[in-house]
Amino acid sequence: MEQEIKAEFESSGFSVDDDGQILQKCLTYCINYKLSPSDLVSNWEIYYLNRQLNGLKLENAHMDGFLSYLQNEMKQKIIKEDAHLHVYSSDDVEMLLGDDHDTTVGILNTPNSQYEKPHVDTYNSVSTPKTKENLLSSKDATDISSRITPFGQRISKFTSQFVFNSESVENRLSGQDLNDMEDDIIRRVQTTERCNLQVHHLQPQSGCRFMYDRTEDRFNYLDNRIRKHANAFTSYGLYGEPSDATLASQKNTFAVGMVCCDGEGHLNEKSILMQGSTELSGGRRVRLDLQKLAHFSLFPGQVIGVEGHNPSGHCLIATKVIDYLPSSLDVDLPPAKKLAMDQDYQPTSSNDSRVLSVLIAAGPFTTTDNLLFEPLKELLAYASRRQPQLVILMGPFVDSDHPEIKKGTVDRVFDDIFHVEILRKLYDYTKYMGPSARVILLPSIRDAHHDFVFPQPAFDIRQPDDISQQIACLPNPGLFSANEISFGCCTIDILKQLSGEEISRTSADTMSGDRMGRLATHILGQRSYYPLYPPSLGVPLDLSLAPEALDIPLIPDILILPSDLAPLVKVLSHKENNAEATKCMCVNPGRLAKGIGGGTFVELHYNSEPEKSNASIIRI
């Protein structure tokens, strides 16, 4: 069970100190308090957020405080279950000995209901959402929400949770700067250099019709993905010509297909099928045997190349799995289009111009106890002090999962909330900062005021003439470049969804702790912002609109994937044989607001390449 506990911590983005005493203590806590590993990690996340601990490593020094927290939680739970139960304290002892004392002091009341909502769901929980079936109940979610430090009462502001390349990080706001910010002292903004912004595509278009996709559209999209991968492997020339994996053969063959599950549940080693293309195998499926593989990482919808043999015609025994797309992605493109793509995505200037300062934040931008958008106000105040060249804000902005919106108690139109609470604040920010400030907005399928479809068109907003070139709206997913630095963005929580569907095996000599990095690498390896199929429940995937919008034509310099999982800044490296490794900086800024408390955002200073850049995950 210790390994289950360790795996649960790692799946939530935490690492465990090598000291075996920590896992032994965690096991003891699970036994004594009747907690499952996921429940234990959920309680740890609440304790971690309330104590505002630094770093994502579970250390032995934290365990005593965590134990006290668990004991108090169990006491509170017992009191709630039995309203007539009285827990005696030292005050009661003094009263029994004859001291005059108010008996109400000794009774432990439930937390103040000021911040509790009658309608509670997983949105109210600040803990990293679990991808397994044993999710928190509604009652547990209520308890978690009531124990979070409210946004207005938090003590520490703008504290670093993680620093990437810490030796090159500049000093952030001093204490005096924070006091000035809180006192709202206005000072003249120094002029900064305006970044050169270029949007590479705007598909699908605003106002497009959706919900018209057919089974044929989905089949053609999946078949084209398999065919594209097969052609890329053929052009690469290292694995031979792809063949039909369903044919019986004693010889080793190479096949390309899409990973599928033979039932409705999750993948396991006994339920993995591979579907071939219509061109090679008529779209038939064959079972995959992975017993000979020391390591693999698979999920439904993943297109892979497999070396192995199929002696019976019913089961392909794999000896090697290639789970990434070779560099020859544009092998099917006409020469003219290929040349245009190369000119679009390749830098045209020296590395000296590839410098950029940027703030990255993802919604929700308001806490669950109101619609005042206080976290957004403080983020823009922080940006006005730091003066980044670019601010990237990713939805949801008007969150359909917000309790007040879900209950229908809002007395304003959703578009009015977006324009008054979001756009008006951005207009004020850009006017205050001057013409050098640039802002990018990406929608989310959780935006109540926007089209519920994926891929998702950009916001259609009318800007004042004096700032019309400062705020850019991109579709979801979106691809753009700033100062010749390419960005790829997608607001679908693909990391969390892949985490729930992935099945993997790691060898003994391989570090298994970097699960988040492995999940993000799947996005680059498949060259798709959403390689998962069938799509996760609640994702309105429409493949009739612009299926090419899901493709990643070239690996970007920075890949932004907002997720409910632990925030991260990580350099992903993809190396093919003797070629120079392609590096990409992957960023999950977390959520700016979590329940009734504050969340995180990322401040990034990019300098020509990831090794020379620095970034900080900051708790607002």
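It should be noted that the structure appears before, not after, this text.
These remarks concern the structure in this document. Keep in mind that this is a model prediction, so the values were computed, not measured.

Criteria and thresholds
Residues numbered from 1 in each chain as written. Predicted model: local features only at pLDDT ≥ 70, side-chain atom pairs only at ≥ 80, totals over all residues. Heavy atoms only, no water. Helix = DSSP H or I, 4+ residues; strand = E, 2+ residues; numbered from the N terminus. Buried < 20%, exposed > 50% of the residue type's maximum accessible area, 1.4 Å probe, protein only. Contact = heavy atoms within 4.5 Å. Areas by Shrake-Rupley, 256 points an atom, 1.4 Å probe, with all protein chains shown as cover. Pairing = 2+ DSSP bridges. Axes fitted to C-alpha atoms, helices over the stretch in contact; angles between N-to-C directions. Core = buried A, V, L, I, M, F, W, Y, C linked by side-chain atoms within 4.5 Å. Parallel < 35°, antiparallel > 145°, perpendicular 65-115°, else oblique. Left-handed = near helix turned anticlockwise from the far one by under 90°. Nonpolar A, V, L, I, M, F, W, Y, C, P; charged D, E, K, R; others polar. Expected span 1.5 Å × (residues − 1). Bend = angle between axes of the 7 residues up to and from the residue. Salt bridge = Lys/Arg side-chain N within 4 Å of Asp/Glu carboxyl O.

Let's shift gears to the overall build of the protein. A tally of helices and strands in the protein yields 15 helices and 24 strands. When each of the 620 residues of the protein is scored for burial, the buried share is 53%. Across the protein, contacts joining residues at least 24 apart in sequence account for 73% of those joining residues at least 6 apart. As displayed, the protein has an accessible area near 28300 Å², and 48% of this comes from carbon and sulfur atoms.

Here the focus is the sheet that holds strand 3 (residues 159–164). The strand order across the open sheet formed by 7 strands is 3-24-23-11-12-13-14, and the pairing between neighbours is mixed. Because the sheet does not close on itself, it has two edges, and the strands there are strand 3 and strand 14 (471–473). When the angles between neighbouring strand axes are averaged without regard to direction, this sheet yields 20 degrees. Across 5 bridges, strand 12 (residues 390–394) lies against strand 13 (residues 438–442) in parallel orientation. In the strand pairing of strand 13, Met394 is matched with Leu442.

Burial runs high along strand 23 (residues 600–607): 6 of the 8 residues are buried. Judged from the 6 bridges that link them, strand 11 (residues 355–362) and strand 23 form a sheet pairing that is antiparallel. Looking across to strand 23, one finds that Leu356 is bridged to Tyr606. Pairing geometry for strand 23 and strand 24 (residues 609–619), over 7 bridges, is antiparallel.

The subject of this paragraph is the nonpolar core. Formed by 45 residues in total, the largest nonpolar core has its most connected members in Phe454 and Leu561. For this core, the elements supplying multiple residues, two or more each, are helix 8 (215–236), strand 5 (249–261), helix 14 (494–501), helix 15 (515–526), strand 19 (568–574) and strand 20 (582–588). Ignoring sequence-local partners within four residues, the contact set of Phe454 consists of Ile445, Asn476, Pro477, Cys490, Ile492, Tyr530, Val539, Pro540, Leu541, Asp542 and Leu550. Counting residues in hydrophobic clusters, the runner-up holds 39 residues, among them Phe373, Leu376, Ala383 and Phe459.

Through backbone hydrogen bonds, the strands of a sheet pair up, either in parallel or in antiparallel fashion. With mixed pairing, 6 strands are arranged side by side in an open sheet as 4-15-16-18-20-19. Two strands bound the open sheet, and with one partner strand each, they are strand 4 (197–199) and strand 19. Geometrically, the sheet is characterised by an average inter-axis angle of 25 degrees between neighbouring strands, direction not taken into account. Bridge count between strand 4 and strand 15 (residues 478–482): 3 bridges; the pairing is antiparallel. Bridged to Val199 within strand 15 is Phe480. Those strands touched by helix 15 are strand 18 (558–560), strand 19 and strand 20, and its axis lies near 55 degrees from that of strand 19.

Okay, the packing of helix 11 (residues 374–386) against helix 13 (residues 414–433) next. It is at 11 Å that the axes of helix 11 and helix 13 come closest, and there the two elements cross at 10 degrees. Our classification of the angle between helix 11 and helix 13 gives roughly parallel. Handedness of the helix 11/helix 13 crossing: right-handed. Contacts between helix 11 and helix 13 pair Leu376, Lys377, Leu380, Ala383 and Ser384 from the former with Glu421, Ile422, Lys425, Leu426, Tyr429, Tyr432 and Met433 from the latter. In the contact of helix 11 with helix 13, the residues fall into 8 nonpolar, 1 polar and 3 charged.

Bringing the pairing of strand 20 into the picture now. The element strand 20 is largely enclosed, with a buried count of 5 among its 7 residues. Bridge analysis of strand 18 against strand 20 gives 3 bridges, and the strand direction is parallel. Among the inter-strand pairings, Ile560 is bridged to a residue of strand 20, identified as Val587. The pairing of strand 19 with strand 20 spans 7 bridges and is classified as antiparallel. Following the sheet pairing, Leu568 is matched in strand 20 by Asn588.

Residue Pro364 follows Gly363 across a cis peptide bond; omega there is 10 degrees. Relative to the helices and strands, Pro364 resides in the loop between strand 11 and helix 11. The amide bond that connects Phe454 to the next residue, Pro455, takes the cis arrangement and shows omega of 0 degrees. Its identity as a non-glycine residue notwithstanding, Phe158 has a phi of 55 degrees, on the positive side. One non-glycine residue with positive phi stands out, namely Met211, at about 65 degrees. Secondary-structure assignment places Met211 in the loop between strand 4 and helix 8.

The next subject is helix 13. With 20 residues, helix 13 should cover 28 Å at 1.5 Å per step; its first-to-last C-alpha distance of 28 Å lies within 8% of that length. Considering bend angle alone, the principal kink of helix 13 is centred on Leu423 and spans about 30 degrees. What helix 13 keeps buried is the set Ile417, Phe418, Glu421, Ile422, Leu423, Lys425, Leu426, Tyr427, Tyr429, Thr430 and Met433. Structurally, helix 13 contributes buried residues whose contacts are with helix 11, strand 12, strand 13 and strand 14.

Further remarks concern the pattern of salt bridges. Inspection of every chain in the model, using the stated rule, returns 20 salt bridges. Arg154 is the partner of Glu378 in a salt bridge, and the nearest nitrogen-oxygen pair spans 2.6 Å. Here Glu378, found in helix 11, pairs with Arg154, found in the loop between helix 6 (138–147) and strand 3; they are 224 residues apart in sequence, far enough to count as distant. Taking relative accessible area as the criterion, Arg154 reaches 9% and is therefore assigned buried. Here the residues in one salt-bridge network are Asp493, Lys496, Asp564 and Arg591, joined through shared partners.

Turning our attention to the environment of Asp460. Looking at the secondary structure, you find Asp460 in the loop between strand 13 and strand 14. Separated by 254 residues in the primary sequence, Asp460 and Ser206 have C-alpha atoms spaced 6.6 Å apart.

Right, let's get into the packing of helix 14 against helix 15. Running from amino to carboxyl end, helix 14 crosses helix 15 at an angle of 105 degrees, the nearest separation of the two axes being 10 Å. Judged on the interaxial angle alone, helix 15 and helix 14 are roughly perpendicular. Side by side, helix 14 and helix 15 meet where Ile494, Leu495, Leu498 and Ser499 of the first sit next to Arg515, Met516, Leu519, Ala520, His522 and Ile523 of the second. Looking at the contact of helix 14 with helix 15 residue by residue, the classes come out as 7 nonpolar, 2 polar and 1 charged.

Right, let's talk about the environment of Ala549 for a bit. Tracing the chain through its elements places Ala549 in the loop between helix 15 and strand 18. Sequence separation of Ala549 and Gln456 is 93 residues, and the distance between their C-alpha atoms is 9.3 Å. If sequence neighbours within four positions are ignored, Ala549 has contacts with Gln203, Pro455, Pro477 and Tyr529.

The values are spatial; any link to function lies outside them.
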